[in-house]
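Observations on the model geometry
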Amino acid sequence: MNLKKRILGLIPARGGSKGIPQKNIRLLNDKPLIWYTYDSVLQSEYLTRTIVSTDNIKIKGICDNLGMDVPFLRPSYLAEDNTPTISVILHALDEMEKMDENYDIVCILQPTVPFRDE
C-alpha cells in the first residue's frame, strides 16, 4: 500500500490581467515572470507534478517553450476577474482525472510571486 500523498502543483496564469496586461509573461530580468515560479518548482522534492492552468494561447506557447507542463487550456469563463480560485482548482483536478491522474493535495503557486523559498 502506497501511503505517499500525490501533490499537484498548480500555477494559475490567466491572460486577462487589467492592471498590467499579460503580466504573467512580462519580462523580469530578461525572463517571463512565470518562469521564476517554475524554477522554484524544479527545486521542490514534494510536488508529484506541476502544471500551468491558463486560458491564453500565448501564455501556453511561452510556457511550452520553457518546458513547463500545460496539459490543457482553461475555459475563458474560468479566467474572469471574479473567478474563484477553487473553481480553477476543481477544473484542473477534473482535467487531470480525465488523464487518469488523481491527487490528494493541490499546492497553488501564484506566478505573481516570483521570489520564494522552497
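Anything mentioned here points back to the structure above.
Residues numbered from 1 in each chain as written. Predicted model: local features only at pLDDT ≥ 70, side-chain atom pairs only at ≥ 80, totals over all residues. Heavy atoms only, no water.

1. Section: the environment of proline 32
Mapped onto the fold, proline 32 is located in strand S3 (residues 31-32). Its relative accessible area of 12% is what places proline 32 among the buried residues. If we ignore the near neighbours within four places in the chain, the residues touching proline 32 are Asn24, Ile25, Arg26, Leu27, Ile62 and Leu66. (Helix = DSSP H or I, 4+ residues; strand = E, 2+ residues; numbered from the N terminus. Buried < 20%, exposed > 50% of the residue type's maximum accessible area, 1.4 Å probe, protein only. Contact = heavy atoms within 4.5 Å.)

2. Things to note about the pattern of salt bridges
One pass over the full model with this rule turns up six salt bridges. The partner of glutamate 101 in a salt bridge is arginine 49, and the shortest N-O contact between them spans 2.4 Å. Here glutamate 101 is found in the loop between helix H3 (85-98) and strand S5 (105-108), whereas its partner arginine 49 is found in strand S4 (residues 49-53), with 52 residues between them in sequence. Each member of the salt-bridge network shares a partner with another, and the members are Arg6, Arg49, Asp69 and Glu101. (Salt bridge = Lys/Arg side-chain N within 4 Å of Asp/Glu carboxyl O.)

3. Some remarks on the side chain of asparagine 56
Note that asparagine 56 resides in the loop between S4 and helix H2 (57-65). When its relative accessible area of 15% is taken as the criterion, asparagine 56 is described as buried. Among the polar contacts made by the side chain of asparagine 56, one reaches the main-chain amide nitrogen of lysine 58 at a distance of 2.9 Å. Engagement of the side chain of asparagine 56 in a polar contact is seen with the backbone nitrogen of isoleucine 59, the distance being 2.8 Å. Excluding residues within four positions of it along the chain, asparagine 56 makes contact with Gly15, Gln22 and Leu73. (Polar contact = N/O pair within 3.5 Å; in protein donor to acceptor, adjacent residues only side chain to side chain.)

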